[in-house]
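Results of the structural survey
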Amino acid sequence: MSTPLHTAVPGDALAAADLQPAVDRLVELAGTCCALIVDDTAFATQRQVLRRMHSLLNLAAWLDGGPAIALLPGRPRIEGVHVASAVDYAIAAWHRLPSLDARLLLVDELLDFFQAVLPGDGAAIVVAAWRLKAAADGDAARSLPSALPPVYRLQDFHGRPWEAAQYVLLPARGLRSCGMAEIGEAVQPDAPVQPASAQQRILRVATGEAGTLHLSTPQILHSTGEDGPKLAALTNQDVQELRARTPGMRVLPVVLYELARRPELTVARSALPMRPAPELALTLQVARAVDPQTPVAGARVVAFTDFAARTGAEGLSDASGMVRLDLKPGTRLEALVVYPSAGCWGLYQRDITLQKGALLALQPIDLAVPDHLREVYGDRDLAAGEGVTVGVIDTGVDATHPDLHVAGGAAFVTAEGDAGGAGPAAVDGDHGTHVAGIVAGRGSRPGVAPGVKLMSYRVFPNAGSGATNYDIIRAIDRAVADGCDLLNLSLGGAARDEAVQAAIRDAADNGVLCFAATGNDRRGPVSYPAHWPEAVAVTAVGRLGTFPEASSETLDVVAPFSTIDPRLFSAGFANVGPEVDLAGPGVGIVSTVPGGAYAVMSGTSMACPAAVGAAAALLAQHPQVLALPRTAPRAAEMLRIVLAAARTLGFAREFEGAGLVP
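Procedures and definitions
Residue positions within a chain follow its written sequence, with the count starting from 1. Local features in a predicted model are, by the rule used here, given only for residues with pLDDT of at least 70; side-chain atom pairs are given and counted only at 80 or more, and totals for whole chains, interfaces and linings are based on all residues. Hydrogens and water molecules were not included; the side-chain quantities draw on all heavy atoms of the structure. Strands are runs of DSSP state E lasting at least two residues, helices are runs of H or I lasting at least four, and both sets are numbered from the N terminus onward. Residue contacts are defined here by distance: any two heavy atoms, one from each residue, within 4.5 Å place the two residues in contact. Residue burial considers only the protein chains on display, and all accessible areas are found by Shrake-Rupley using a 1.4 Å probe. UniProt positions are given in the numbering used here, feature names are shortened, and annotations may be inferred rather than shown by experiment. Buried, partly exposed and exposed residues are distinguished by accessible area as a fraction of the type maximum, computed with a 1.4 Å probe on protein chains only: under 20%, between the cut-offs, and over 50%, respectively. Pairing between two strands requires that DSSP report at least two bridges joining them. Handedness of a crossover is defined as follows: orient the strands so they point away from the viewer, and if the path from the first strand over the helix to the second runs clockwise, the crossover is right-handed. Residues grouped as a nonpolar core are buried Ala, Val, Leu, Ile, Met, Phe, Trp, Tyr and Cys residues, joined through side-chain atoms within 4.5 Å. Throughout, an axis means a line fitted to C-alpha atoms (over the contacting stretch in the case of helices), and angles, computed between N-to-C directions, take values from 0 to 180 degrees.

Across its full length, the protein holds 16 helices and 28 strands. For the protein, restricting intrachain contacts to residue pairs at least 6 apart in sequence, the fraction spanning at least 24 positions comes to 77%. For the protein, the exposed surface amounts to about 26000 Å²; the carbon and sulfur share of it is 55%.

Here you go:
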């Protein structure tokens, strides 16, 4: 569009016939995408490619034979030849782009280009065309600062009007019904998709009697058995037709949940400083306090020149413990925070000035010194909790840790084909192992109920990011089938997600209690699923003297303090409210992490398994209740016993619920 464009006048429009060449090229590009999938293509990569291919086809169906696109008067007048030329330029660039990431970014820019076309604003279309050209020329990363390498993230694909968004399909009540079988089984491969089958699944394009392009939707992407929940790709029209055809069926959007670990402080991206010359940068040494010759690798160092504005610099220590900050030596810091990965406590200092080569000494974890969890529960008998089965729905558990015995479990990550098993995820895998140790650790750092039968259900992907509600309900469904009594969900989100609520309610109907963390939004409302009345919501408290005075945990010490114990406080990060049922130790908790190590973590993620472990140890003393039929009355009686045993900690109801289970 380098030649001057005329100005649109009232009545100017892009007719469907004008866009037909572009429609044909979109279908062509979709087929080219399909050719990227070969026999050894990883499943996650298949999902990236297939999702964009499906979007191209839905876009083509949207444009083919559709209404004319009215052009805004006074704006550049765009013609069909301009749109077709933009698509041609993208297709011509396809084969010369060097990587799959670059090609997927090109498709994303092409889809965004058409999102600009649909409103008919010629000026916006021109801007989108230049963005598309940058991606086609391989210049997107340089010319578009916000552009990131494409990754498979469900939420990135719900914004365009022609997109078939992902939904969870559930019966009117519960998780299973014979009516679900009528929707059809999933087209979910057990092995990588073959190129031919991918074309059969995705390129189901047919010409109707009137010559209109149609797609075979809805697409069932995954099914939890013939009569169980399903994951489907649906357009808005599909949703309306499905609800009309199957009254009572719940069609719920896919929702992502995050871990309920306390968020770490970080420098605001907009406040990152200009990088000084290497000789002027501030280099620091991170080491153990008792042995400065032992470096601490992988520690995240965050230095704030203005704490309130979150300005400053941050870096990660290397194998020699050295970290480089983009600050001049001698810069005054309002605050310095260090977050180690394992083996040491964090560090928090205020109003300091550091010179080049300064030592940041971290206090090593001493397993003989009790944290708050151990102060409350002591060294439990290894039989505590025996006869109770606990499922940890999280990032996976390291079954090779000497302090853990994992009886079973599985992975429930649809985007990865459920590959990788119940062990720790490649990213954030320490979280699930830490949670498991709080419940059922044995040996060096005993948990609250070492005698339970421990099950691990991994719902967070190896690549990181959130867990979908669909995968969480699959994990809950499996845990119920495996005979779990209590489930730990140290995760949460802000969305009112009825899918996970349905799974938690179904678990209760089958005699299983689900405990969920309230979240860590610094006194925000209780997050979901803990917010739902069917879940047991657990918030976090801390106690002065159970962590080093200079540790990063001191940032969590805020009012209110207990009226019974002045050292006890409601954790500053914790979400609270009338939905809170219980409280548990959640500040500076030492527990197991992968590789046979131990680490300190804080969050309602830690308080939740403390409550689960206490409940398990308590219920083990009531075998007559555990022997009840697995129906709703069993879950209700277990909850009654747990809440009756809880003791107030000296806080208002919204900060502790019924209190702490001893």
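A few words on the UniProt feature "active site" (unreviewed entry) in the protein. UniProt annotation of "active site" (unreviewed entry) refers to Asp394, His431 and Ser605 when read in the numbering used here. Maximum C-alpha separation among the annotated residues is 10.0 Å over a sequence range of 212 residues, consistent with a single clustered spot. For aspartate 394, the position within the fold is in strand 17 (residues 389-394). Under the relative-accessibility criterion, aspartate 394 is labelled buried at 1%. Discounting chain neighbours no more than four positions away, the residues touching aspartate 394 are Leu259, His431, Gly432, Val435, Tyr457, Arg458, Val459, Phe460 and Ser490. Once residues within four sequence positions are removed from consideration, histidine 431 is found in contact with Leu259, Ala260, Arg261, Asp394, Thr395, Ser490, Met601, Ser605 and Met606.

In terms of burial, strand 19 (residues 453-458) is largely enclosed, as 5 of its 6 residues are buried. Sheet topology note: the strand 17/strand 19 ladder contains 6 bridges and is parallel. By the bridge assignment, valine 392 is partnered in strand 19 with serine 456. Crossover handedness for the path strand 18 (residues 406-411) to helix 10 (residues 429-440) to strand 19: left-handed.

So, on to the nonpolar core. Of all hydrophobic cores here, the largest spans 72 residues; its most connected members are Val388, Val390, Val452, Leu486, Phe515, Leu582 and Leu619. With 12 residues, the single largest contributor to this core is helix 13 (residues 604-619). Once residues within four sequence positions are removed from consideration, valine 452 is found in contact with Ala384, Gly385, Glu386, Val388, Val390, Val439, Ala440 and Ala616. Of all hydrophobic cores here, the second largest spans 48 residues; its members include Ala8, Val23, Ala30 and Phe113.

Moving on: the sheet that holds strand 10 (residues 282-288). Sheet architecture is open: 3 strands sit in the order 13-10-16, paired in mixed fashion. Across the chains shown, the open sheet's two edge strands, defined by having one partner strand only, are strand 13 (322-325) and strand 16 (359-362). Across the sheet, the mean angle separating the axes of adjacent strands is 30° when strand polarity is ignored.

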